[in-house]
Protein chains: 2
Amino acid sequence: MNETFDIAVIGATGLVGEALLMVLDEREFPVGNLFPLSAEAAIGQIAAFRERNLRVRAVDSFDFATVALVFVVEPLAPAQLVRIEAAGCALVDLSGSLPERQAPCVVAGVNAPAAVGRWLRSPLPAAVALASVLGKLRTVLQLRRVTATACLAVSSHGREGVEELARQTAQLLNARPVEPQLFDRQIAFNLLARAAAEMPDGHARDERRLASELLEVLGEPQLPVAITCVQAPVFFGDSLTVSLLCAESVDLPVVLHCLDDAPDLELVEQGDYPTAVGDALGQDLVYVGRVRGGLHDPCELNLWIASDNVRKGSALNAVQLGELLLKPHL
Amino acid sequence: MNETFDIAVIGATGLVGEALLMVLDEREFPVGNLFPLSAEAAIGQIAAFRERNLRVRAVDSFDFATVALVFVVEPLAPAQLVRIEAAGCALVDLSGSLPERQAPCVVAGVNAPAAVGRWLRSPLPAAVALASVLGKLRTVLQLRRVTATACLAVSSHGREGVEELARQTAQLLNARPVEPQLFDRQIAFNLLARAAAEMPDGHARDERRLASELLEVLGEPQLPVAITCVQAPVFFGDSLTVSLLCAESVDLPVVLHCLDDAPDLELVEQGDYPTAVGDALGQDLVYVGRVRGGLHDPCELNLWIASDNVRKGSALNAVQLGELLLKPHL
């Protein structure tokens, strides 16, 4: 009989938490008992896992010594991280709660930590998508600069984001005034110039996080990266435009073959293109299209990426990191 | 008494045509008689100008010798252009019908043709916005590379684009299947990786046009430009993310002062940002925000632009070019 592991999921009832439970089930992760937890809001709610209804318990009073692995989906206070560490659990953080130095950032299929510790960080969904593509491309290209615009779905802000876009859209179609709540202004039929709070240097928090996670995953701390995160009126799925500068002239057939060959990518045929809604939703692949050279510079490569931010960019990568952590014991 | 000029507007009943008539009126353009024309679809429709209702006539049978200036809003067959030339009319083309070599491309306030001929091209709305900002910036920066993602409103495709986004959105909110007609797939709550037909090299027609118009207006044919045009589920207003590489370190206070000082631009204060819907709509200014340096490169400058594609990017610039053409006679 195979070994199983007891697991805690902090934030199991949000969009990502629900997707994570589904992916654990689909991938036949060796779960013994599953404990859905929440720091606050969701305590007492019900999370469904393998046709069982589980009541969400409070993080504060949970005994982490009873589980082998913790998924941190919702932000967690440092004091709770200390308790989890003291209990000796393995941990996968999706929430950005973990300081960079405390655990390596990993995208499954792109990088693996030199020595697998017991804690790993899963990066922002757009970083998962971008790293999946660039990680493959750099086997045939030497990257000199990455410029990307990530148009993020409202589900980056969880169920509240989805509800607000739906509500604003209905208000506008019914000629009623729009009342922004979660977002700082009208998101329906509009694009917002940032998707997270801005730092003193003008970069948004998610832009800085995305850039630093990308460089960590690629293992190229010196690569210049310019990132803009735009909030788009899209429910699910991130879309990215990417322009790369390379050390040498880009050989397009080689690039296309490389992308076509990657198991985690779906290269859409030239002349067509993928979209978040039409292609990426619900998929475990990152979609790539509109692969083209530069108009003026032979060392330039441009492309378009669409990826499911909740499933591929969050839940799936986190579960794959969980598999990596438990592998030595399986 | 001031001199007036008889004017023809080919495509007067579309979104841009209507805005053009409004701007002609608002700016007290010295219009004598105004003749709304159409090649086909709109013949017999009514265009309103200065509280008069004017019936749209056929281009084919119109005697261009009776007017001094022609605005070409809807695409026009080469044979008609030959007739307009033979009649000796001045002409402003917004439609892209005119080959590049036949007339200079001009953005009011940015460039002026060395010798004003009788014909001018008004560029794509996103090129008007981008050139307005870069034209100002290069007084304080030496540009080495421009990378931009232009998220285009559905009104780029005229009234049909607006109607399709509204129809698809209503279908989705009512849980009915989406039926794409003008766009090749679902545009509601989605982003499409291109907004125009693709050419054999993978660049879309509008990407190539935008890049070449930008370089012509800036008078910098050697500047490398990477452009992606994305079709966004936004009714009116283009939004652009721009990343610039400069020859030297960027002095942010100097850049901000330069942008703040430009009469055609509205620089939104640091920490805030403009949007197409909330700021740019109905305005004669190009809005700029999120001005920030590079994360890793001191020679990098990033910013965000929002501009009304119909009014500022099309109608206003065209009327300003008309003023330029008639100025010697005023």
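Summarised in this report is the structure supplied together with it. (Residues numbered from 1 in each chain as written. Chains lettered and ligands numbered in written order. Predicted model: local features only at pLDDT ≥ 70, side-chain atom pairs only at ≥ 80, totals over all residues. Heavy atoms only, no water.)

Considering the sheet that holds strand E12 (residues 265-267) of chain A
What holds strands together in a sheet is hydrogen bonding between their backbones, with the strands either parallel or antiparallel.
All names here are of chain A.
Moving on, step 1. Strand order in this open sheet of six strands is E10-E9-E11-E14-E13-E12, and the pairing throughout is mixed. The strands lining the two open edges of the sheet, one partner per strand, are strand E10 (225-231) and E12. Across the sheet, the mean angle from the axis of one strand to that of its neighbour is 20 degrees, orientation sign disregarded.
Moving on, step 2. Pairing analysis gives five bridges linking strand E13 (residues 286-293) to strand E14 (residues 300-307), with the strands arranged antiparallel. Counterpart to Arg292 in the pairing with E14 is Asn302.
Moving on, step 3. Packing against the sheet, helix H6 (residues 252-260) makes contact with E12, E13 and E14, and its axis sits at approximately 180 degrees to E13. (Pairing = 2+ DSSP bridges. Helix = DSSP H or I, 4+ residues; strand = E, 2+ residues; numbered from the N terminus. Axes fitted to C-alpha atoms, helices over the stretch in contact; angles between N-to-C directions. Contact = heavy atoms within 4.5 Å.)

A word on the environment of Leu218(B)
All names here are of chain B.
Moving on, step 1. Here Leu218 lies in helix H5 (residues 205-218).
Moving on, step 2. The class of Leu218 is buried, set by a relative accessible area of 3%.
Moving on, step 3. Separated by 77 residues in the primary sequence, Leu218 and Leu141 have C-alpha atoms spaced 13 Å apart.
Moving on, step 4. Setting aside residues no more than four positions away along its own chain, Leu218 makes contact with Ala131, Leu134, Gly135, Arg138 and Leu223. (Buried < 20%, exposed > 50% of the residue type's maximum accessible area, 1.4 Å probe, protein only.)

Overview of the interface of chain B and chain A
The accessible area lost on association of the parts is a frequent measure of interface size.
Moving on, step 1. At the junction of the two partners, chain B supplies 61 residues and chain A supplies 60 residues.
Moving on, step 2. For the pairing of chain B and chain A, the buried interface totals around 5,000 Å² over both sides, and the portion due to carbon and sulfur atoms is 58%.
Moving on, step 3. Broken down residue by residue, the surface that chain B buries against chain A is led by Phe189(B), Tyr273(B) and Leu295(B), which jointly contribute 15%.
Moving on, step 4. Viewed at the interface, chain A and chain B are joined by twelve salt bridges.
Moving on, step 5. Arg145(A) is the salt-bridge partner of Glu300(B), the closest N and O atoms lying 3.4 Å from each other.
Moving on, step 6. Those elements that place two or more of their residues in the side of chain B that touches chain A are strand E9 (143-152), helix H4 (158-173), H5, strand E10 (225-231), strand E11 (238-246), helix H7 (276-280), strand E13 (286-293) and strand E14 (300-307) of chain B. (Buried area = accessible area lost by both parts, 1.4 Å probe. Salt bridge = Lys/Arg side-chain N within 4 Å of Asp/Glu carboxyl O.)

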